[in-house]
Amino acid sequence: MKLISRDLGIDLGTSNVLIYAAGKGIVLREPSVVAVDKNTGKVLQVGAAARNMLGRTPGNVVAIHPLKDGVISDYEMTAKMLAAFLRKIVRYAVVKPRVIICVPSGITEVEERAVIQAAMEAGARRVYLIEEPLAAALGAQLDVSAPDGKLVVDIGGGTTDIGVLTMNGIARSSSIKVAGDAFDEAIIRFVRKRQGVVIGENTAEEIKTTIGCVYPRPEDLYMQVKGRDVKTGLAREFLIYSTDVMEALKRPARQITDAVLEVLEQTSPELVADISNNGITLTGGGSQIWGMDKLLQERTEMECSRADDADSCVAFGCGKSLNWMHRMQEGTINLARKKLLQD
Ligand SMILES: Nc1ncnc2c1ncn2[C@@H]1O[C@H](COP(=O)(O)OP(=O)(O)OP(=O)(O)O)[C@@H](O)[C@H]1O
Ligand SMILES: [Mg+2]
């Protein structure tokens, strides 16, 4: 039986949407995909059902990723997708839910408004926003209320959000559009150039998660992959090794570590000293790429570890922040940020 849950924390991610219901925990985890009938424009399915539909349906069904680079790229579809997800978990609710949604720290006010409006359209009564690094830190069980500094690096699908947190606030932050999706794209480019074969996004992701790495693995793994030969247009099989993938991912991995170093450079020496004591915490699905912790540790010369349930930290953090909802200000963060969580 579905209970009525009025307050929800939503991780509206580029790759996945997670919803946390007050008192219950994570109640929904679905890919951010909408299946649409190209001819009529009608939404056929959302989430995992939409993804499963693809490939097994006629060509008039297309998959839409309504979020890109951490922000809404298709407003209408985002609202419809969110509405369908909310219907799944608050089917019989009389009272519309209040929601806290996380957004990348670099988001513009226009982009914030799009999130708020999409959530209202999807059936939310009130919408509050929280920045991804703060949500990630809360979800990773870091004590962000302490006066010392913590550094969180959340690598998602579309964005990497880096934040220095202290006393319930964000002292420094940065958000770059290089994360898990950029890894997949880099693999596709590499294979095309090296092998003359085109592979799909799903294949690239599979390569990344099974044998991929951004730091040398103890043993070089390999995988058999199938793609389309650029010249002949025919299917072709080939082997790809971990070392190849590491080479392919060198650039995006470096962009991420550079962004972290840049944030550290801009952070006060006291906070940097704290961070070097506390270590760096990695969260987000993209942080699960093999060796990310090792690479970052090597480059920053600071201890670096991945949080447990890295891909759920932001959702847990949104859930935790529901307790402070009464102290948060509705609407865009730019106004609310200064008041947020401050006694
Ligand atoms: N085991 C793994 N190894 C490497 N990458 C992984 C692994 N598991 C998931 N990923 C990647 O994690 C990314 C999705 O992470 P996550 O769900 O945190 O993103 P998101 O929150 O939807 O995106 P964003 O925060 O950028 O909006 C995808 O690029 C996916 O390929
Ligand atoms: Mg995310």
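Residues numbered from 1 in each chain as written. Chains lettered and ligands numbered in written order. Predicted model: local features only at pLDDT ≥ 70, side-chain atom pairs only at ≥ 80, totals over all residues.

Caption draft 1: Layout of the nonpolar core. Within the largest apolar cluster, 100 residues are counted, with the highest numbers of intra-cluster contacts made by Ile 101, Ala 119 and Ile 187. Take this core: its biggest share by element is eight residues, from helix α7 (residues 242–266). Among residues more than four places away in sequence, those in contact with Ile 187 are Ala 204, Ile 207, Lys 208, Val 245 and Ala 248. (Core = buried A, V, L, I, M, F, W, Y, C linked by C-beta atoms within 7 Å. Buried ≥ 20, exposed ≤ 12 C-beta atoms within 10 Å, placed from the backbone. Helix = DSSP H or I, 4+ residues; strand = E, 2+ residues; numbered from the N terminus. Contact = placed C-beta atoms within 7 Å.)

Caption draft 2: Structural context of helix α10 (residues 313–321). In terms of residue burial, α10 counts as a mostly covered element, since eight of its nine residues are buried. Taken as a whole, α10 has its buried residues at Cys 313, Val 314, Ala 315, Phe 316, Gly 317, Cys 318, Gly 319 and Ser 321.

Caption draft 3: Geometry of the site of ligand 1. In the region of ligand 1, 22 residues are neighbours, and Gly 13, Ser 15, Gly 156, Gly 180 and Gly 285 sit closest. Elements represented by at least two residues in the shell around ligand 1 include exactly α5 (180–195) and α6 (201–210). In terms of residues, the shell around ligand 1 owes the most to one element, α6, which gives three residues. Its residues assigned to classes, the shell around ligand 1 comprises two nonpolar, 15 polar and five charged. Two domains share the shell around ligand 1, each providing at least three of its residues, namely domain 1 (7–134 + 314–336) and domain 2 (144–306). (Near = placed C-beta within 6 Å. Nonpolar A, V, L, I, M, F, W, Y, C, P; charged D, E, K, R; others polar. Domains from an automatic or database assignment.)

Caption draft 4: Representation of the domain arrangement of the chain. Domains assigned within the chain are domain 1 (7–134 + 314–336) and domain 2 (144–306). The partner domain 2 presents 19 residues to the 16 residues of domain 1 that form the contact. Among the secondary structure elements, those contributing two or more residues to the side of domain 1 that touches domain 2 are β7 (67–68) and α4 (132–139). Counted by class, the side of domain 1 that touches domain 2 contains five nonpolar, seven polar and four charged residues.

Caption draft 5: Representation of the pairing of strand β9 (residues 98–103) in the model. Summarising burial for β9: five of the six residues are buried, a large majority. Pairing geometry for β9 and strand β10 (residues 126–131), over six bridges, is parallel. When the bridges of β10 are listed, Arg 98 appears paired with Arg 126. The parallel pair β9 and β10, bridged by helix α3 (residues 109–121), forms a crossover whose chirality is right-handed. (Pairing = 2+ DSSP bridges. Right-handed = clockwise from strand over helix to strand, strands pointing away.)

Caption draft 6: Broad picture of the sheet that holds strand β15 (residues 222–229). Taken in spatial order, the three strands line up as β14-β15-β16 in an open sheet, and their pairing is antiparallel. Looking at which strands have only one partner, the edges of the open sheet turn out to be β14 (197–198) and β16 (235–241). As paired elements, β14 and β15 share two bridges and run antiparallel to each other. Looking across to β15, one finds that Val 198 is bridged to Arg 228. Against the sheet, α6 makes contact with β15 and β16, and its axis sits at roughly 165° relative to β15, the strand it touches most. (Axes fitted to C-alpha atoms, helices over the stretch in contact; angles between N-to-C directions.)

Caption draft 7: Spatial organisation of the confidence of the model for the chain. Here the chain averages 91 in pLDDT, and 93% of its residues register 70 or above. This stretch, residues 1–5, has a pLDDT under 50; its non-local contacts, to residues over four places away or in other chains, come to twelve contacts. Confidence over residues 338–343 falls short of pLDDT 50; this stretch has eight contacts with residues more than four positions distant or in other chains. (pLDDT = per-residue confidence, 0-100.)

Caption draft 8: Here's a closer look at unusual backbone geometry. Of note, Glu 301 is a non-glycine position whose phi angle comes to about 55°, a positive value. Looking at where Glu 301 falls in the secondary structure, it is placed in the loop between α9 (292–300) and β18 (304–306). Assessed through the 8 C-beta atoms surrounding it within 10 Å, Glu 301 is described here as exposed. Although it is not a glycine, Asp 309 adopts a positive phi angle of roughly 45°. Relative to the helices and strands, Asp 309 is located in the loop between β18 and α10.

Caption draft 9: Representation of the environment of Ser 175. Mapping Ser 175 onto the fold places it in strand β13 (residues 169–176). Taking the C-alpha atoms as reference points, Ser 175 and Asp 69, separated by 106 residues in sequence, lie 10.0 Å from one another. Not counting residues within four places of it along the chain, the set of residues in contact with Ser 175 comprises Gly 70, Pro 104, Ser 105, Gly 106, Thr 159 and Asp 161.

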